[in-house]
Amino acid sequence: MIRVTENFRKIHDLLAAAEARAGRAPGSVRLLAVSKTRPLERVLELAAAGQREFGENVVQEAVGKIESAGDADLVWHFIGHLQSNKTRDVAEHFSWVHSVDRIKIARRLSRQRPRLAGDLDVCIQVNVDAEADKSGVSFDNLPELATEVAELPRIRLRGLMCLPAVREEFDEQRLPFRRLREARDTLVDRGLELDTLSMGMTNDFEAAIHEGATIVRIGTALFGERDD
Ligand SMILES: *Cc1c(COP(=O)(O)O)cnc(C)c1O
C-alpha cells in the first residue's frame, strides 16, 4: 500500500524537477501510470493517492480492469499494438489511443466509437528508430497518415507517440524525442492542431521532458519491476 503511494509522490517530485530544469511550466507534463500486468488493487491504490490516468497495452486485460474499476472516474489510455479485431473494444472502453499507426485502424476506431462517448483522443505512433520489431509509422509516411486521421469523425488527432530504442546516455536519449517534436512542429505548420507528445518512460522521461513531452508513460518507477 505504502510503496505505490510513496513512488507516486517521488515521481511527482521528479517530474516537477525535470520541468523546472527544462524551463517548462509547472504541470505541463502529465503522468500516465502504465498499469499493464498490474492487478486492479494497485490501480485503486494509486487512484486513492490521486492518480487519474492509466495506460494499458492488452485489450482483454484492460477491459476487465476498466469494468471492475466501474465509476472510479479514471481515464484509460490504450498504448499497445492494436489489431483490427480489437478496435471495437478499444473504441468502447478507452478515452485515448496512443498507438494508431495505420489508416485502417483509425477508420475502424472512428466508425466504432459510440456517439455518446464523445470523441476518442488519438496519437499516431512513430517508429522513430525504424526498428523491424516495433509498431509505428515511418517519419516518411507520417504526414499523409496524420492528414487522413485528422479528417475522421469521432476521433480527434491530438499528437504523436514514440517508443525509442533503449539508450543509456541522456544526450543520446534526447535525439529521437527531438525528431518526434520536430515532426509534430512540421505538422502544426501545415495546419494540424496537435498539442500532445506522448514520450518518455521510466528510463528516459527526463530527456523526453527536455524535448517537450506533454505525457510521460511510467510503469516500473511507480509499480516496481514487472515479472515479464
Ligand atoms: C510498458 C510501457 C511503458 C512503461 O514502461 P516503464 O519502463 O515500465 O516505465 C510505456 N509505454 C509503453 C508503450 C509501454 O508498453
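Residues numbered from 1 in each chain as written. Predicted model: local features only at pLDDT ≥ 70, side-chain atom pairs only at ≥ 80, totals over all residues. Heavy atoms only, no water.

A few points about the pairing of strand E3 (residues 75-78)
Counted only if it meets this: Should DSSP find at least two bridges between two strands, the strands are taken to pair. Secondary structure elements follow DSSP: runs of H or I no shorter than four residues count as helices, runs of E no shorter than two count as strands, and numbering proceeds from the N terminus. Seen with its strands pointing away from the viewer, a crossover is right-handed when the path leading from the first strand over the helix to the second is clockwise.
The pairing of strand E2 (residues 53-56) with E3 spans four bridges and is parallel. Its bridge partner lying in E3, Glu53 is registered against Val75. Read as a crossover between parallel neighbours, the route from E2 over helix H3 (residues 59-69) to E3 is right-handed. As paired strands, E3 and strand E4 (residues 96-100) are joined by two bridges and run parallel to one another. Bridge pairing in E4 places Phe78 opposite Val97. Handedness of the crossover is the feature at issue here: the chain leaves E3, passes through helix H4 (residues 87-93), returns alongside E4, and the resulting connection is right-handed.

Looking at the site of the ligand
Note the following rule: Here a residue is considered near a molecule or strand provided that any single heavy atom belonging to it is located within 4 Å of it. Contacts described as polar in this section are N or O atom pairs within 3.5 Å, which, within protein, must combine one atom able to donate a hydrogen with one able to accept it, while residues neighboring in sequence count only if both atoms come from side chains. Surface accessibility in these figures is a Shrake-Rupley result with a 1.4 Å probe; residues are shielded only by whichever protein chains are displayed. In this count, Pro and Cys sit with the nonpolar residues alongside Ala, Val, Leu, Ile, Met, Phe, Trp and Tyr, while Asp, Glu, Lys and Arg are called charged and the others, Gly among them, polar.
Around the ligand, the neighbouring residues are Val34, Lys36, Ile79, Met161, Leu163, Met201, Thr202, Arg217, Ile218, Gly219, Thr220 and Arg226. Contacts to the ligand include Lys36, whose side-chain N or O atom sits 2.7 Å from an oxygen atom. One of the side-chain nitrogen or oxygen atoms of Arg217 is found 2.8 Å away from a nitrogen atom of the ligand. Isolated, the ligand exposes 390 Å² of accessible area, and the fraction of that covered by the protein chains is 91%. Residues that form the shell around the ligand fall into these classes: six nonpolar, three polar and three charged.

Overview of the side chain of Asn127
Defined as follows: Three labels apply to residues, based on accessible area from a 1.4 Å probe with only protein chains included: buried if under 20% of the type maximum, exposed if over 50%, partly exposed otherwise in between. Throughout, a residue-residue contact means that at least one pair of heavy atoms, one from each residue, lies within 4.5 Å.
Considering the arrangement of structural elements, one finds Asn127 in the loop between strand E5 (120-126) and helix H6 (142-150). In this structure Asn127 comes out as buried when scored by relative accessible area, which is 11%. When sequence neighbours within four positions are dropped, the list of residues in contact with Asn127 reads Lys134, Ser135, Gly136 and Val137.

Brief notes about H6
Test applied: As used here, the arc belongs to the directions running from the helix axis to the C-beta atoms.
Listed in full, the buried residues belonging to H6 are Leu142, Leu145, Ala146 and Val149. Seen end-on, H6 carries its buried residues on one side only, within an arc spanning 100°. Residues of H6 that are buried sit in contact with E4, helix H5 (103-112), E5, strand E6 (155-162) and helix H7 (170-189).

Considering the pattern of salt bridges
Stated precisely, the cut-off is as follows: A side-chain nitrogen of Lys or Arg and a carboxyl oxygen of Asp or Glu constitute a salt bridge if their distance falls within 4 Å.
Inspection of the entire model under this criterion finds 16 salt bridges. The partner of Glu211 in a salt bridge is Arg174, with the nearest N and O atoms 2.8 Å apart. Here Glu211 is found in the loop between helix H8 (205-210) and strand E8 (215-218), whereas its partner Arg174 is found in helix H7, with 37 residues between them in sequence. Assessed through its relative accessible area of 1%, Glu211 is described here as buried.

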